[in-house]
Each structure stands twice: as structure tokens, then as C-alpha cells.
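What follows is each chain in one-letter form.
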Amino acid sequence: MNQSSSAPSPDGDAVIEVTGLVKSFGAFKALDGLDLRVTRGEVHGFLGPNGAGKSTTIRVLLGLLKADAGQVRVLGGDPWRDVVTLHRRLAYVPGDVSLWPGMTGGEAIDLLGKLRGGLDEDRRKELIGRFELDPTKRGRQYSKGNRQKVALVAALASDVDLLILDEPTSGLDPLMEAVFQEEIAKEKARGRSVLLSSHILSEAEALADRISIIRAGKVVETGTLQQLRGRTRSTIHAVFTGPPASLDGLTSIHDATLQDGRFTGTVDADQLSAAMAELSRYPLTSLTVAPPSLEELFLRQYGTDSSVESARWGTAVTGGVA
């Protein structure tokens, strides 16, 4: 990172701008020319399995690691040189929160707020109620899920420009996960920027304006969900009352199968109209077209690698919440 801390941001609309980021640990190259851009006011999903480089990227963004090569700008500053200034303008929630054992949750929230840009007291109170958190308990008394709640309340109530959330709902039950999604939607409406790393693909699908998929230290796909879907095939299901004698006439449809009148195939986005025209030649009782889910888009990059499935598509950054 050879850019001086006083240099302007390459893009005034970018809160995170990473170009050609390289980081090695001995012979292992964790990041291999990674590019990442998060714009102001967006929720950006950052997806990848264990070992892909997500956690290393986040540590570089937080100024906890120094990159070997490349350029990194966070809120217009250099995270390595300007770490103290930047940490007053951003809030970080890891997937495994550590709290001070003798400090109450409320005290921890207040301390973290002071380390940042201050706390919105009304928002703090609202979030404590929404997450059903008892702020009078001490850190040693909290379950993993409640430690996550403390960190989330502190982050969401802080007066900061950027939220960096790495597996933030780890340990939360489904009800609290739903509350989290609602609160992130509120932050998005307020114009706050969010980098969201999550192994819950439905969570990223529901919240993210744009998504970046990382593999082997590089971002291999980036864009809106609609853009990513446009690069892969949709699935067609149909039930015929008079099925075709042969599938040879369905030239715009791939992977076509027909069994007992039930048809399945896949179609490229630009061939959807042609596929519908081909299928409409035959009498149908039902027809559905399903665009690829985020999980399907993700697995297209990683195939059926069992290590991906066992990784649950995510990594947790261990350590404190400060």
C-alpha cells in the first residue's frame, strides 16, 4: 500500500476501495490480487468459504494486518496508517465476540460507543428492546448469542459511517436473525454503508445491494443479484398433457429431461423467450421458471467441493469487538 494517507479517495462514492490486494503468510498466499469496492449507502455481501480470504481481507480493512502489495482505502484513508481515526468512523462485529468478563453488557455498549463516534441513546434503548438483551448482566454471564447482541447493539447505535459485519448473526436464534435483517434494512434506509460477510446465503440475498464472491484470495464474481443471475441459467419445470416425442426440437434449452410428462431443463437469460416459444407448442398444465438462487450462484463457483459444504460458506473472525 504505497498510497499516502493524505491522498484523496480514488472514487468519492466508494467507502471501501481495494485494488490488487496481496497478503501472504509464509509460503501461503491468502490474498492474490483481490479487488473489492463498496459504495456509499449500500449493503455489500462478501461471500466465501473457510480459507477463501474473507477474514484476511477484513483484518486488512481494519488495520490489523498490513498488506504485502496493492492499494486499500477505507473512508478515504489508509487503514494501516490511519487506524485510530478510521475506527472512530466504523464499527466492526466479528462472528465470535469477546467481552470484558466483569463489565456489564450496558457498560460494554457505552465503552464501545465512546471509542467510536458516540452513541445515539434513543437508538441504543430501541435496539436493546428489539434484541431482548438484558444489559445488566456481566460479560461472563452471557451466552454466545447474547455476546453477539451486545456487539450488534453497540455497532448499530454508534454514530459511524461504515459497518463491517463478519458472521454477525452467529449464535442468534431465527427470531433474532429476523430482527437483525430488519435493523440492517433500517441502516440501509438511513444511508449507512455495510460490508456483510455471512454464511447464511438467504440473509445476504435478502439484504445485499451487491455481492462479491471470493475464491482462493480473489473476487471471482461481483455485481447485483440480478446481474449475477443474468450470467447463469434459470431452471424450467413443466408438466405436459401431450409431451413431445423427442426433445431435439427444444434447441434453446439445456440439460433437458422428460419423465412421465414432467419436464426439467435450464435456459440462459437471453434465451428465455425462445424457450417459452418452444415449450408452448405442446399442451401444458403447468410451467414455472426459477432464477438461480444465491446458493446456486455460489456453488457454480465452487462446484460440489465437499470442503465448501463443510465450511458452511463462512468464516468467523475471532477476537474482541473493539
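Residues numbered from 1 in each chain as written. Predicted model: local features only at pLDDT ≥ 70, side-chain atom pairs only at ≥ 80, totals over all residues. Heavy atoms only, no water.

What is the right way to read the packing of aromatic side chains from this model?
For any two aromatic rings, the description comes down to two numbers: the centre-to-centre distance and the angle of the planes. If you walk through the whole model with that rule in mind, you get two aromatic pairs. Consider the rings of phenylalanine 240 and tyrosine 282, whose centres lie 6.0 Å apart with planes at 90 degrees: the pair is edge-to-face. Placement of phenylalanine 240 in strand β11 (residues 234-240) and of tyrosine 282 in the loop between α9 (272-279) and β14 (284-290) is noted, with a sequence separation of 42 residues between them. By way of ring pairs, the aromatic residues Phe240, Phe263 and Tyr282 are connected into one cluster. Over the aromatic face of phenylalanine 25 sits the side chain of lysine 23, whose NZ or CZ is 5.5 Å from the ring centroid. (Phe/Tyr/Trp six-rings, centres within 6.5 Å; stacked < 30°, edge-to-face > 60°. Helix = DSSP H or I, 4+ residues; strand = E, 2+ residues; numbered from the N terminus. Lys NZ or Arg CZ within 6 Å of the ring centre and 35° of its normal.)

When you look at the sheet that holds strand β2 (residues 28-39) in this model, what are you seeing that I'm missing?
Note: strands within a sheet are paired through backbone hydrogen bonds, in either parallel or antiparallel orientation. In spatial order, the strands read β2-β1-β4; together these three strands make up an open sheet with antiparallel pairing. Since the sheet does not close on itself, it has two edges, and those belong to β2 and β4 (69-74), each with one partner. Within the sheet, the average angular offset between the axes of one strand and its neighbour, ignoring direction, is 15 degrees. In this structure, strand β1 (residues 14-25) lies alongside β4, joined through five bridges in antiparallel fashion. By the bridge assignment for β4, valine 22 is matched with alanine 69. (Pairing = 2+ DSSP bridges. Axes fitted to C-alpha atoms, helices over the stretch in contact; angles between N-to-C directions.)

Looking at this model, I keep getting lost on the side chain of lysine 23. Mind explaining?
Assignment of secondary structure puts lysine 23 in strand β1. Setting aside anything within four residues of it in sequence, one finds lysine 23 in contact with Phe28, Lys29, Ala30, Leu31, Thr56, Lys66, Ala67 and Asp68. (Contact = heavy atoms within 4.5 Å.)

Quick question: what am I supposed to make of the pattern of salt bridges here?
Once the charged atoms of two side chains with opposite charge are near each other, the side chains can pair. Scanning all chains against the criterion turns up 19 salt bridges. Of the charged contacts in the structure, one is a salt bridge between lysine 186 and glutamate 126, with a shortest N-O distance of 3.1 Å. Highlighted residues: lysine 186 in helix α6 (residues 174-189) and glutamate 126 in helix α4 (residues 121-130), separated in sequence by 60 residues. Owing to a relative accessible area of 29%, lysine 186 belongs among the partly exposed residues under this scheme. Classification of glutamate 126 by relative accessible area gives partly exposed; the value is 32%. Among the salt bridges present, the one from aspartate 209 reaches lysine 188, with a minimum N-O distance of 2.7 Å. Within this pair, whereas aspartate 209 is found in the loop between α7 (201-207) and β9 (210-215), its partner lysine 188 is found in helix α6, the two being separated by 21 residues in sequence. Take lysine 188: its relative accessible area is 33%, and that puts it in the partly exposed class. (Salt bridge = Lys/Arg side-chain N within 4 Å of Asp/Glu carboxyl O. Buried < 20%, exposed > 50% of the residue type's maximum accessible area, 1.4 Å probe, protein only.)

In this structure, what is going on with the pairing of β11? I would like to understand it.
The side chains of a regular strand alternate between both faces of the sheet. By the alternation rule, side chains of β11 split into Ser234, Ile236, Ala238 and Phe240, which are all buried, and Thr235, His237 and Val239, of which none is buried. Strand direction decides the pairing type here: β11 and strand β13 (residues 262-267), joined by six bridges, are antiparallel. Each bridged residue has a counterpart across the sheet, and for alanine 238 the counterpart in β13 is phenylalanine 263.

So what exactly am I meant to see when it comes to the confidence of the model for the protein chain here?
A low pLDDT means the predicted coordinates there should not be read in detail. On average, residues of the protein chain score 86 in pLDDT, and 89% of them are at 70 or above. Segment residues 1-10: pLDDT under 50, and 30 contacts once partners within four positions in sequence are set aside and those in other chains are kept. (pLDDT = per-residue confidence, 0-100.)

Please clarify how the sheet that holds β13 should be interpreted in this entry.
One open sheet holds the four strands; their spatial order is β12-β13-β11-β14, and the pairing between them is antiparallel. Each of the sheet's edge strands pairs with one partner strand only, and the pair in question is β12 (254-259) and β14. Neighbour-to-neighbour, the strand axes of this sheet turn through a mean angle of 10 degrees, independent of strand direction. Note that β11 and β14 share six bridges and pair antiparallel. Bridge pairing links histidine 237 to threonine 288 in β14. Here α9 sits on the sheet and contacts β11, β13 and β14; the angle it forms with β14, its principal contact strand, is near 165 degrees.

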